[in-house]
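# Fold and geometry: a report
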Amino acid sequence: MATVRLSFSPAPVHVRTARLVGVAVARRAGVREDLLDEVRLAIGEACTRAVALHRQYGLTDPVLVEMSDSGRYAVRVVDRAPIEASIGLHALDADQLANESLNEDDLTTGVGFALLAGFVDDLQVRPVDDGIGTEVRMVWPLNR
Amino acid sequence: MELSLATRTVGEHTVLEVGGEVDVYTAPRLRERLLELIDSGARHVVVDLGRVDFLDSTGLGVLVGALKRLRTVDGTFALVCDKEPLLKIFRITALDQVFPLHPTVEAATGAGA
């Protein structure tokens, strides 16, 4: 059962709101203070990715963020884009990043995934159980 | 905190001081400003991230875009950053191997950036 559930129309302006809510719930749940910057960044990256996919596919469906704190702090960010959009997610190395032919969108996607993988020890990207879409699931320990 | 942008000149360098949050919403304004600077002739650009308190992949993408654009016109691009949380972002993404990173504006402008 989610403690807090937030859904927002897929517009960049709302990503900041999702970050703020995600960190507020994390703090109240008891996530260690020194992890909160990473929580903020990871939730932001997951939401940015979802917004980008919805815009790419012309979807007006809301992006869903669920935060729960039963034993640990778990955050799910759910998009409704076709699952194939999530295939091929990988971090880029320095040579690929500096390659002139890499466009900014692909670079941002690779960098975003590197940040998620780098800042979240317990990270899963998988198809949603119901309908079309992908969920990014991130878990942090609670300090209590 | 909203994005703030201020430009000053140090020798032959154009220093863009960035403050606040650079994310998917505000990054387009940073991109626009960097393009304006380059299009108006700036060739040695230093972006000072000293007052940035949030930077995401979109912002990083804009910075890489500016670096590549300046390379095509024989320009240079460097970043000023001494905050550990931001430096960690550059290390995790391997972008610390792509950008010249300096602890101060003086170091960036004096290092031939």
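Values in this document were obtained by computation on a predicted structure and should not be read as measured data. (Residues numbered from 1 in each chain as written. Chains lettered and ligands numbered in written order. Predicted model: local features only at pLDDT ≥ 70, side-chain atom pairs only at ≥ 80, totals over all residues. Heavy atoms only, no water.)

## Looking at the overall build of chain A
Looking only at helices and strands, chain A features four helices and five strands. Shown N-terminal to C-terminal, the secondary structure of chain A runs as helices and strands in the order β-α-α-β-β-α-α-β-β. Computed over C-alpha atoms, the radius of gyration of chain A comes to 15 Å, within 12% of the 15 Å expected from 2.2 N^0.38 for 144 residues, which places it in the range of a compact globule. For chain A, the C-alpha atoms occupy an extent of roughly 50 × 35 × 25 Å along the three principal directions. Counting across all 144 residues of chain A, residues that qualify as buried make up 49%. (Helix = DSSP H or I, 4+ residues; strand = E, 2+ residues; numbered from the N terminus. Rg over C-alpha atoms; globule rule 2.2 N^0.38 Å. Buried < 20%, exposed > 50% of the residue type's maximum accessible area, 1.4 Å probe, protein only.)

## Considerations on the overall build of chain B
A count of helical and extended segments in chain B gives four helices and five strands. Ordered by position in the sequence, the α and β elements of chain B form the string β-β-α-β-α-β-α-β-α. Over its C-alpha trace chain B gives a radius of gyration of 13 Å, about what one expects of a compact globule, namely 13 Å for 113 residues. C-alpha extents for chain B along the principal axes are approximately 30 × 25 × 25 Å. A burial count over chain B gives 53% of its 113 residues as buried. Of the contacts formed within chain B by residues at least 6 apart in sequence, a portion of 65% connects residues at least 24 apart. Counting every atom, chain B has about 4,600 Å² of accessible surface; 51% of that belongs to carbon and sulfur. (Contact = heavy atoms within 4.5 Å. Areas by Shrake-Rupley, 256 points an atom, 1.4 Å probe, with all protein chains shown as cover.)

## Observations concerning the interface of chain B and chain A
Taken together, the contact pairs 28 residues of chain B with 27 residues of chain A. Counting each side, the surface lost to burial between chain B and chain A is near 2,300 Å², with a carbon and sulfur contribution of 60%. Counting the surface chain B buries against chain A, the share from its top three residues, Phe54, Ser57 and Lys68 of chain B, is 24%. Where chain B touches chain A, the interface holds seven salt bridges. Arginine 71 of chain B is the partner of glutamate 100 of chain A in a salt bridge, and the nearest nitrogen-oxygen pair spans 3.6 Å. (Buried area = accessible area lost by both parts, 1.4 Å probe. Salt bridge = Lys/Arg side-chain N within 4 Å of Asp/Glu carboxyl O.)

## Concerning the pairing of strand E5 (residues 134-141) of chain A
Residue and element names in this part refer to chain A. For E5, the buried fraction is high: seven of the eight residues fall into the buried class. As paired elements, strand E3 (residues 72-79) and E5 share eight bridges and run antiparallel to each other. Bridging from a neighbouring strand, aspartate 79 pairs with threonine 134 of E5. Both strand E4 (residues 122-127) and E5 contribute to a ladder of six bridges, which runs antiparallel. Paired with proline 127 across the two strands is threonine 134, which belongs to E5. Hairpin connection of E4 to E5: six residues between the antiparallel strands, including glycine 131 at a positive phi of 80°. (Pairing = 2+ DSSP bridges.)

## Concerning the sheet that holds strand E1 (residues 4-8) of chain A
Residues and elements named next belong to chain A. Taking strand neighbours across the sheet as the criterion, the five strands line up as E1-E2-E3-E5-E4 in an open arrangement whose pairing is antiparallel. Both outer strands of the open sheet, E1 and E4, are each paired with one neighbouring strand and no more. Averaged over all adjacent pairs, the angle separating strand axes in this sheet is 15°, with direction ignored. Of the strands in this sheet, E1, strand E2 (63-68), E3, E4 and E5 are in contact with helix H2 (residues 36-56), which crosses E3 at around 15°. (Axes fitted to C-alpha atoms, helices over the stretch in contact; angles between N-to-C directions.)

## Re the pattern of salt bridges
Any two side chains of opposite charge can pair if their charged atoms end up close together. For the coordinates displayed, the defined rule picks out 22 salt bridges over all chains. Arginine 76 of chain A is the partner of glutamate 135 of chain A in a salt bridge, and the nearest nitrogen-oxygen pair spans 2.7 Å. Here glutamate 135 of chain A, found in strand E5, pairs with arginine 76 of chain A, found in strand E3; they are 59 residues apart in sequence, far enough to count as distant. A network of salt bridges, in which partner residues are shared, links Arg16, Arg19, Asp37 and Arg40 of chain A together with Glu21 and Asp23 of chain B.

## Let's talk about the nonpolar core
Grouped together as the largest cluster of nonpolar side chains are 42 residues, with contacts concentrated most on Leu34, Val47 and Phe77 of chain B. At the level of elements, helix H3 (94-98) and helix H4 (104-119) of chain A together with strand E2 (13-22), helix H1 (27-39), strand E3 (44-55), helix H2 (57-72), strand E4 (76-80) and helix H3 (84-92) of chain B are the ones that each hand at least two residues to this core. Of all the elements, H2 of chain B adds the most residues to this core, at seven residues. Discounting residues that sit within four places of it in the chain, phenylalanine 77 of chain B has contacts with Leu34, Val45, Val47, Leu63, Ala66, Leu67, Leu70, Phe99 and Pro100 of chain B. Counting residues in each nonpolar core, the second largest holds 31 residues, with Val15, Val23, Ala50 and Val136 of chain A among its members. (Core = buried A, V, L, I, M, F, W, Y, C linked by side-chain atoms within 4.5 Å.)

Remember that the coordinates give geometry; whether it matters functionally is a separate question.
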